[in-house]
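Analysis of the macromolecular model
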Amino acid sequence: MVDRLARRELVTPARLKAKDPEAMAGLVELYSANIYRLALKMLNNEQDAEDVLQETFIKAFRSVDKFEERSSLSTWLYRIAMNEVLMLLRKHKQEVISVDEEQASEEGAPEPVEIVDWCCLPEKELLDSEGRDHLNKAIERLSPALRAVFVLRDIQDLSVRDTAETLNISEAAVKTRLLRARMQLREDLSRYYGKRIA
Amino acid sequence: MEHSSSCKHLLGSLSDYVDGELSKELCAEIERHLADCTNCQVVVDTLRRTIELYKAAVSHETVPEHVVQRLYMRLNLDDYIPH
Ligand SMILES: [Zn+2]
C-alpha cells in the first residue's frame, strides 16, 4: 500500500505529462475529495458536484501538457474546477456570472445589524440537520463572487495568495470579498440561531 | 445597533483580526475597544463562530463511495479504485 507521502512524490507534472496511470490515480486520490467539496459548496447539488468532479479531472488530464510549473498542481486543479462551476451556474441561471463582478460594491463591508450572542449554543445543536441545512442555504445566498472566495479561503483553507491565484483576482480583492462574505453569513446565521435561542 | 465611529473603524479590520493577521499595535487597539463595546464583542464572537461552524460542518463530509467509483471508471483508472 502506497502511503500518502509516497503518493505525493509520485504525482509529478512530468509523470502526469507522460500519462503515467499511477500518477494520474495519485492525483485523483489526493485531490478528489477537495474538488468534490468545493463543487458541492458552490452548487449545493450532488449531481452537479459529481459532474464538476469528473469534468475537472478529464480536463486536467487533457491539458496537463500546458501546465506551467509556476503554480502548484492544486491551484491549477482548483482553477479548472472553479471554471466548471461557473459554467454550470451560468447554464442554470442563464445570466452572466463571473468572479469579476461586484467591482462597484467592493468598498467596505455592510455594517452589522443582528447583535445576538448565539455562541453559547453547543456545537451539537448548531450543527444538527436543520442547522447544517441552514448553513448551506446561507452560502447559496452569497453572490458567486463572494461564495467562491469564502469556499476557497475558509472551507478549503487556501491561503489568501492561492485564493487570489485560483480566481485570478488581486489579494486585496480576496480580502475585501472575504470580509463581505463572512459578514453576510454572520448576519444570516445570527438571524437564524437568534430565533432558536429566543 | 448604534455605530460609533470607532465601531466602523473596527469593521474593516475584522477579517484580519479573526485570522490573527494584524500587527500587535492594531490588535491591542481593537482589544481596547472590545473591552468597552459589547456589541462589537458579540460581532467578533459570532463572526469567529460562523467561520468555525463551516469548517466543522465540512470536516464530517466525505465523498460518497459510488461517486468515487464512477470517477475512477470515467477516467479509465478502474484498476486504482481505492478499497
Ligand atoms: Zn464597537
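Residues numbered from 1 in each chain as written. Chains lettered and ligands numbered in written order. Predicted model: local features only at pLDDT ≥ 70, side-chain atom pairs only at ≥ 80, totals over all residues. Heavy atoms only, no water.

Thoughts on the coordination of the zinc ion
All names here are of chain B. Protein coordination of the zinc ion is provided by Cys7 (SG), His33 (NE2), Cys37 (SG) and Cys40 (SG), with donor distances spanning 2.1 to 2.3 Å. For the zinc ion, the four donor atoms in the first shell make angles of 103 to 114 degrees at the metal, a pattern classed as tetrahedral. Sequence positions of the residues that donate to the zinc ion give the spacing C-x25-H-x3-C-x2-C. We note that Cys37, like Cys40, is buried. (Donors = N, O, S within 2.8 Å, 3.2 Å for Na, K, Ca; no water. Tetrahedral: all angles 85-135°; square planar, octahedral: opposite > 155°, others 65-115°. Buried < 20%, exposed > 50% of the residue type's maximum accessible area, 1.4 Å probe, protein only.)

Digging into the domain arrangement of chain A
All names here are of chain A. Domain boundaries assigned for chain A yield domain 1 (4–91) and domain 2 (123–197). Each of domain 1 and domain 2 was reduced to a C-alpha centroid, and the two centroids are 22 Å apart. On the side of domain 2, 15 residues touch domain 1, which itself brings 13 residues to the contact. When domain 1 packs against domain 2, the two sides together hide about 1,300 Å² of surface, and 60% of this comes from carbon and sulfur. Three residues, Lys41, Met42 and Asn44, lead the burial of domain 1 against domain 2; their summed loss comes to 41% of the area buried on that side. Our enumeration of links across domain 1 and domain 2 arrives at one salt bridge. Glu165 is paired through a salt bridge with Arg79; the nearest N and O atoms lie 3.8 Å apart. (Domains from an automatic or database assignment. Contact = heavy atoms within 4.5 Å. Buried area = accessible area lost by both parts, 1.4 Å probe. Salt bridge = Lys/Arg side-chain N within 4 Å of Asp/Glu carboxyl O.)

Some remarks on the interface of chain B and chain A
Facing 38 residues of chain B, the contacting portion of chain A comprises 52 residues. Between chain B and chain A, roughly 4,100 Å² of surface is buried when both sides are summed, and carbon and sulfur atoms account for 66% of that area. In this structure, the connection of chain B to chain A is made through 11 salt bridges. Looking at the side of chain B that touches chain A, the elements that each hand over two or more residues are α1 (5–11), α2 (14–18), α4 (38–59) and α5 (65–74) of chain B. (Helix = DSSP H or I, 4+ residues; strand = E, 2+ residues; numbered from the N terminus.)

Focus: α5(B)
Listed in full, the buried residues belonging to α5(B) are B:Val67, B:Val68, B:Leu71 and B:Tyr72. Down the axis of α5(B), the buried side of the element spans an arc of 130 degrees, and every buried residue falls inside it. Residues of α5(B) that are buried in the fold lie against α3 (21–43) and α4 (46–63) of chain A. In the stretch just after α5(B), B:Asn76 is the one whose phi turns positive, near 55 degrees. (Arc of directions from axis to C-beta.)

Topic: the packing of aromatic side chains
Residue and element names in this part refer to chain A. In this structure the tally under the stated criterion is five aromatic pairs over all chains. Between Phe57 and Phe61, the aromatic rings sit 6.2 Å apart at their centres with planes inclined by 40 degrees, giving tilted as the arrangement. Of this pair, Phe57 and Phe61 are both found in helix α4, four residues apart, which corresponds to roughly one turn of the helix. What makes Phe57 buried here is its relative accessible area of 0%. Residue Phe61 is classed as buried on the basis of its relative accessible area of 9%. By way of ring pairs, the aromatic residues Trp118, Tyr192 and Tyr193 are connected into one cluster. (Phe/Tyr/Trp six-rings, centres within 6.5 Å; stacked < 30°, edge-to-face > 60°.)

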